[in-house]
Amino acid sequence: MAILLVFPEGPTRDAAVEALRRSGHEVRPASNAFRAVSELAGRPAECVVLDLTPLAERDLEVIPVLKELVPGVSIILAFPPTQRELAAKALGLGADAYL
């Protein structure tokens, strides 16, 4: 499966990329939601894993943009428990699931 992993650069992203690749997935990292739009426009993915931690509520508008760029793309949210309200809004905008 082609996965676009949208996480800030750092050890967490590196570990996630490595684990997904070892599981047989094609993984492309993007450091933020806006780079994710550029990545998907250039080369679609089947799934986007989006870290909500660095996002503000206004940044959630990227979710419908990603869905429009690649109809049928699955968007999975990663977020800490303190951001449940933001995750609920993201699900309302078209995200498919959360971790």
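Placed above this text is the structure.
Presented here is a report on the structure given in the accompanying data block. Keep in mind that this is a model prediction, so the values were computed, not measured.

What counts and how
- Residues numbered from 1 in each chain as written.
- Predicted model: local features only at pLDDT ≥ 70, side-chain atom pairs only at ≥ 80, totals over all residues.
- Heavy atoms only, no water.
- Buried < 20%, exposed > 50% of the residue type's maximum accessible area, 1.4 Å probe, protein only.
- Helix = DSSP H or I, 4+ residues; strand = E, 2+ residues; numbered from the N terminus.
- Arc of directions from axis to C-beta.
- Contact = heavy atoms within 4.5 Å.
- Lys, Arg positive; Asp, Glu negative; His and termini not counted.
- Salt bridge = Lys/Arg side-chain N within 4 Å of Asp/Glu carboxyl O.
- Polar contact = N/O pair within 3.5 Å; in protein donor to acceptor, adjacent residues only side chain to side chain.

## Comments concerning helix 2 (residues 33–42)
Part 1 of the argument: Within helix 2, the full set of buried residues consists of Ala 33, Ala 36 and Leu 40. Across the axial projection of helix 2, the buried residues extend over an arc of 40°, all falling on one side. Of the exposed residues in helix 2, the ones pointing more than 90 degrees away from its buried face are Phe 34, Arg 35, Ser 38, Ala 41 and Gly 42.
Part 2 of the argument: Those residues of helix 2 that are buried are in contact with strand 1 (2–6), strand 2 (26–30), strand 3 (47–51) and helix 3 (62–69).

## Brief notes about the side chain of Arg 13
Part 1 of the argument: Looking at the secondary structure, you find Arg 13 in helix 1 (residues 11–22).
Part 2 of the argument: Here Arg 13 is buried and forms no salt bridge, its nearest opposite-charge partner Glu 9 lying at an N-O distance of 4.3 Å.
Part 3 of the argument: A distance of 3.3 Å separates the side chain of Arg 13 from the backbone oxygen of Phe 7, its partner in a polar contact.
Part 4 of the argument: In this structure, Arg 13 is in contact with Leu 5, Phe 7, Pro 8, Pro 29, Ala 30 and Ser 31, ignoring residues within four places of it in sequence.

Just geometry here; none of it tells us what the structure is for.
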